[in-house]
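What follows is the residue order along each chain.
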Amino acid sequence: MDFKRKDFIGLMDLSQNEIKDILETAETMKVVLSQKNKKAPYLQGKSVILLFYEKSTRAKLSYELAAQYLSANCVEINVLNSGDETLFDMGRTIEQMGGDFIILRNPYSGSAGYLAERVKASVINAGDGLNENPTQALLDLLTIKELKGGFKGLKVAICGDVAGSRVARSNIWGLLKLGAEVRVAAPPTLLPYAIDEFNVKVYYDIKKACEGADVIMYLKLREEKSYGSRLASFDEYKDFFKLDQSTVSVAAKDVIVMHPGSPDRKIEIESDIIDSDKCIIDDQITNGVAVRMAIMYLLSLGRGLNV
């Protein structure tokens, strides 16, 4: 077991073996989820605090269920009504009240690492600005592993707003470390600065990026007005980057299509693809709970909480 950390901040700093440990532990947690009584005593008596500065009903529910299935006490803090209390103050308050885990989602990049350095509780990054969303990437990786058997030599096309996606960054780090070939496809204005240093193949044509791809990951778009001059309009975007049957037809015959949320059928992915057996969003949702259970369990071992 290589995973012996206090906090879980991102995939960029994890080793290949640490990622494998998490995925293997998540597979074990899926056994718990398959039981009628979905309770394991691994975190009994421990406290998990949900500290979300951004709205995300799906992610929050996934973390909450993961904590409950591990027999932990789970509490959500309504930070929208917390006044002027800083992240540091909030973290210290949680620590003084005996919180063992802080699940943090925050709009500022680096916020999870900042808090982790200042509290004794284990901090789990549920998304920090444009930096990373590591558990979302891990549930993607677990789903790929189950359906493809492994990663070495796998061709993965990540398409859409790469610059604005913390999920994309986490997936890139994880996939590369596990031996996959990563391609990104987006308009030039929606690619991160210094994308050439990411060790990925860059395409400005979604169809070329998807040629022979084993996995297509489509990224969620933000509100149209948030792009300003970087995007002329969603109408123009979908003409060139919407995932349709023509694009999927050049991918591998057994290609799987993934998305981190509910895809927009008008702009992002064609309805026929979403409703087909190639689209595996339901598998991703189930695996999200298992991955988050695995992270909390492994962190508890590293801190000696699981005794």
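Preceding this section is the structure that the text describes.
Residues numbered from 1 in each chain as written. Predicted model: local features only at pLDDT ≥ 70, side-chain atom pairs only at ≥ 80, totals over all residues. Heavy atoms only, no water.

Draft legend 1. Expanded view of the overall build of the chain. A count of helical and extended segments in the chain gives 11 helices and nine strands. Over its C-alpha atoms the chain spans a radius of gyration of 19 Å, differing by no more than 12% from the 19 Å that the globule rule assigns to 307 residues. The C-alpha extent of the chain, read off along each of the three principal axes, is 55 × 45 × 35 Å. Counting across all 307 residues of the chain, residues that qualify as buried make up 53%. The contacts in the chain between residues at least 6 apart in sequence include a share of 73% that link residues at least 24 apart. Accessible area of the chain: about 13900 Å², with a carbon and sulfur share of 48%. (Helix = DSSP H or I, 4+ residues; strand = E, 2+ residues; numbered from the N terminus. Rg over C-alpha atoms; globule rule 2.2 N^0.38 Å. Buried < 20%, exposed > 50% of the residue type's maximum accessible area, 1.4 Å probe, protein only. Contact = heavy atoms within 4.5 Å. Areas by Shrake-Rupley, 256 points an atom, 1.4 Å probe, with all protein chains shown as cover.)

Draft legend 2. Just the packing of aromatic side chains, in detail. Applying the stated criterion across every chain, the model contains six aromatic pairs. Centroid distance F3 to F8: 6.5 Å. Interplanar angle 55°. Geometry classified as tilted. Taking relative accessible area as the criterion, F3 reaches 2% and is therefore assigned buried. Ring centres of Y42 and Y297 lie 4.8 Å apart, and the angle between their planes is 55°; on these two criteria the pair is classed as tilted. Of this pair, Y42 sits in the loop between α1 (16-33) and β1 (47-52) while Y297 sits in helix α11 (residues 281-302), placing them 255 residues apart in sequence. Looking at Y42, the relative accessible area reads 32%, which means it is partly exposed. (Phe/Tyr/Trp six-rings, centres within 6.5 Å; stacked < 30°, edge-to-face > 60°.)

Draft legend 3. Representation of the sheet that holds strand β4 (residues 122-128) in the model. Sheet architecture is open: four strands sit in the order β2-β1-β3-β4, paired in parallel fashion. The open sheet has two edge strands with one neighbour each: β2 (73-77) and β4. Strand after strand, the sheet turns through a mean of 15° between neighbouring axes, direction not considered. Two elements, β1 and strand β3 (residues 101-106), share five bridges in a ladder whose sense is parallel. Looking at the pairing, I49 lines up with I102 of β3. (Pairing = 2+ DSSP bridges. Axes fitted to C-alpha atoms, helices over the stretch in contact; angles between N-to-C directions.)

Draft legend 4. Structural detail: the environment of T286. The residue T286 is located in helix α11 in this model. Discounting residues that sit within four places of it in the chain, T286 has contacts with K30 and L33.

Draft legend 5. Spotlight on the pairing of β3. In terms of burial, β3 is a largely internal element, six of the six residues being buried. The alternating pattern of β3 places F101, I103 and R105 and I102, L104 and N106 on opposite faces, both of which are buried. Where β3 and β4 come together, five bridges link them in parallel fashion. Within the sheet, the bridge partner assigned to L104 lies in β4 and is N125. For the crossover from β3 across helix α4 (residues 111-116) to β4, the handedness is right-handed. (Right-handed = clockwise from strand over helix to strand, strands pointing away.)

Draft legend 6. Structural view of empty space enclosed by the protein. For the coordinates displayed, the defined rule picks out one cavity of 30 Å³ or more. Residue lining of the largest cavity: D140, V167, N171, M217, Y218, L219, M258, H259, P260 and Q284, and that is the complete set. Elements with a contribution of two residues or more to the lining of the largest cavity: α6 (166-177) and β8 (215-218). When the residues that make up the lining of the largest cavity are grouped by side-chain class, the tally is six nonpolar, three polar and one charged. (1 Å grid on protein atoms, 1.4 Å probe; cavity = no way out; pocket = protein on both sides within 12 Å on 5 of 7 lines; lining within 4 Å. Points joined across faces, edges and corners; volume = space filled by probe spheres on them. Nonpolar A, V, L, I, M, F, W, Y, C, P; charged D, E, K, R; others polar.)

Draft legend 7. Region of the structure containing the packing of helix α5 (residues 134-148) against α6. At their nearest, the axes of α5 and α6 sit 8 Å apart, and the two run at 50° to each other. Regarding the angle of α5 to α6, the classification is oblique. α6 is crossed by α5, and the crossing has right-handed handedness. Contacts between α5 and α6 involve P134, Q136, A137, D140, L141 and I144 from the former and V167, S170, N171, G174 and L175 from the latter. A breakdown of the residues in the contact of α5 with α6 according to their chemical character gives six nonpolar, four polar and one charged. (Parallel < 35°, antiparallel > 145°, perpendicular 65-115°, else oblique. Left-handed = near helix turned anticlockwise from the far one by under 90°.)

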